[in-house]
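Report on the structure
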Amino acid sequence: MSLTPQLVLFEEDHKKIVAVAERLVSEANAKAIFLVDKNGQLIAEAGELKGIDTTSLASLVAGNIAATGGLAKILGEEEFPIHFHQGARDSLHITLVAQRIILVVIFDERSSLGLVRLRVKKASQRLAEIFEQVFKKTAAVFDEKGLGAPFAEISEQDIDNLFSD
Amino acid sequence: MAFINYSAREINCKLVYYGPGLCGKTTNLKFIYEKIAESAKGKMISLATESERTLFFDFLPLSLGEIRGYKTRFHLYTVPGQVFYDASRKLILKGVDGVVFVADSQEERYEANLESMDNLVGNLREQGLELERLPCVIQYNKRDLPNAMPVDELRAELNPQGKRHDFEASASSGKGVFETLKALAKLVLLDLRRSK
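To start, this report covers the structure provided alongside it. (Residues numbered from 1 in each chain as written. Chains lettered and ligands numbered in written order. Predicted model: local features only at pLDDT ≥ 70, side-chain atom pairs only at ≥ 80, totals over all residues. Heavy atoms only, no water.)

**Let's talk about the nonpolar core**
Among the nonpolar cores identified, the biggest contains 44 residues, and Leu147 and Phe151 of chain A together with Ile32, Leu76 and Leu192 of chain B are the most heavily contacted of them. When contributions to this core are tallied by element, the ones reaching two or more residues are α3 (113-144) and α4 (156-162) of chain A together with β2 (10-18), α1 (25-35), β4 (54-67), β5 (70-78), β6 (98-104) and α5 (177-194) of chain B. Among the elements that take part in this core, α5 of chain B stands out by supplying 9 residues, more than any other. In this structure, Val18, Ala44, Val116 and Val134 of chain A belong to the second largest nonpolar core, which totals 30 residues. (Core = buried A, V, L, I, M, F, W, Y, C linked by side-chain atoms within 4.5 Å. Buried < 20%, exposed > 50% of the residue type's maximum accessible area, 1.4 Å probe, protein only. Helix = DSSP H or I, 4+ residues; strand = E, 2+ residues; numbered from the N terminus.)

So, in structure tokens, the structure goes:
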């Protein structure tokens, strides 16, 4: 059997996603925006990223969503689609987009929960449309021709080189 | 189920260390974290109890270099091994690209190994995956302990047809740790080649 990648992201779609994220940063007065897939992979980021360990953030956000998703099922809910964590300085607003993408907004006193909610709602619709296309393209890649170059040409030697140090 | 980002020219893969409680999954990750070059690793996260038992998962991101112009990143996760954390194990297995099954070689943990292997097969099946078809390597850990069972006996149950790569290890000293990781990384990347 072959592995079907969860997600294949082409440059043009990545650009569209980043554009929506950047717009959301400015419209919601947010500090930063992250898009993470449910498996913990960081897809896009925008805003003030300095000092944030984005890889760890992605993995923990996905863990958080997975755990609360498990809780929801215990209670007979399909999912808890909106999460809000309030901090003394920064707060986190987390929503699910297109069922499998997590939209994380970090904001401080320059914004408010109400404003973030409002802007996230609008941006989510746009993101959902883009991601539906991404999922379709991902499926098409694997139905038709596989990943192709350069992945079809990966050799054992290439992999050995990764571990050569 | 890797994530391929053509824009950032990255391949991201998720590797999960599975096995019974106290078999050494976290110890594997800690050793990798200590030994790998600063430039190749991110922060290691452990969501553990006060007595250092894994509560949810450990996470270690590795960035090993480039293959054909693409950065290869591996996200290493461990599951909590204790039986009653099964809900958490299921969550962590989602989207897995490859599994290291860490067996505890001690005689008194023999049954726990078999139970954990059954649990892995069952939890993968729940998300529509067959262990048979997933990149997987087996590590017989704690070979340094006096009560370690002969490898052949462990292999007879955990790798009966010898189809999987398996390694003897002593994760606390690091023996076998990188061999195990390397073997799995190789299987996962070669699987990309076959993707269609």
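Back to the write-up after that little detour.
**Thoughts on unusual backbone geometry**
All names here are of chain B. Backbone geometry places Arg9, a non-glycine residue, at a positive phi of 50 degrees. Looking at where Arg9 falls in the secondary structure, it is placed in the loop between β1 (3-5) and β2. If you check the backbone angles, Arg68 has positive phi at about 45 degrees while not being a glycine. Following the sequence through the fold, Arg68 ends up in the loop between β4 and β5. Residue Arg68 is classed as partly exposed on the basis of its relative accessible area of 38%.

**As for the pairing of β6 of chain B**
Residue and element names in this part refer to chain B. In terms of residue burial, β6 counts as a mostly covered element, since 7 of its 7 residues are buried. Because side chains alternate across β6, one face comprises the buried residues Gly98, Val100, Val102 and Asp104, and the other comprises Val99, Phe101 and Ala103, equally buried. In terms of strand pairing, β2 meets β6 through 4 bridges, oriented parallel. Bridging from a neighbouring strand, Leu15 pairs with Gly98 of β6. One ladder, built from 6 bridges, connects β6 with strand β7 (residues 136-141); its direction is parallel. Across the sheet, Ala103 pairs through a bridge with Tyr140, a residue of β7. With helix α3 (residues 110-126) bridging β6 and the parallel β7, this β-α-β connection has right-handed handedness. (Pairing = 2+ DSSP bridges. Right-handed = clockwise from strand over helix to strand, strands pointing away.)

**Focus on the state of the cysteines**
Linking two cysteines covalently via their sulfur atoms produces the bond known as a disulfide. Residue and element names in this part refer to chain B. Overall, the coordinates contain 0 disulfides over all chains when judged by the stated rule. Considering cysteine sulfurs only, Cys136 is the nearest to Cys13, which forms no disulfide, with 16 Å between them. Taking relative accessible area as the criterion, Cys13 reaches 1% and is therefore assigned buried. Looking at Cys136, it has no disulfide partner, and the nearest cysteine sulfur is the one in Cys23, 13 Å off. (Disulfide = S-S within 2.5 Å.)

**Quick look at the layout of surface pockets**
The calculated volume of the largest pocket comes to roughly 770 Å³. As for the largest pocket, its lining consists of 33 residues, of which Ala66 and Gly70 of chain A together with Lys90, Leu91 and Lys94 of chain B are closest to the centre. Sorting the residues of the lining of the largest pocket by element identifies α2 (54-74) of chain A together with β4, α2 (86-93) and α3 of chain B as the ones contributing at least two each. A total of 11 residues in the lining of the largest pocket trace back to one element, the largest contributor, which is α2 of chain A. Among the residues forming the lining of the largest pocket, the class breakdown is 12 nonpolar, 12 polar and 9 charged. (1 Å grid on protein atoms, 1.4 Å probe; cavity = no way out; pocket = protein on both sides within 12 Å on 5 of 7 lines; lining within 4 Å. Points joined across faces, edges and corners; volume = space filled by probe spheres on them. Nonpolar A, V, L, I, M, F, W, Y, C, P; charged D, E, K, R; others polar.)

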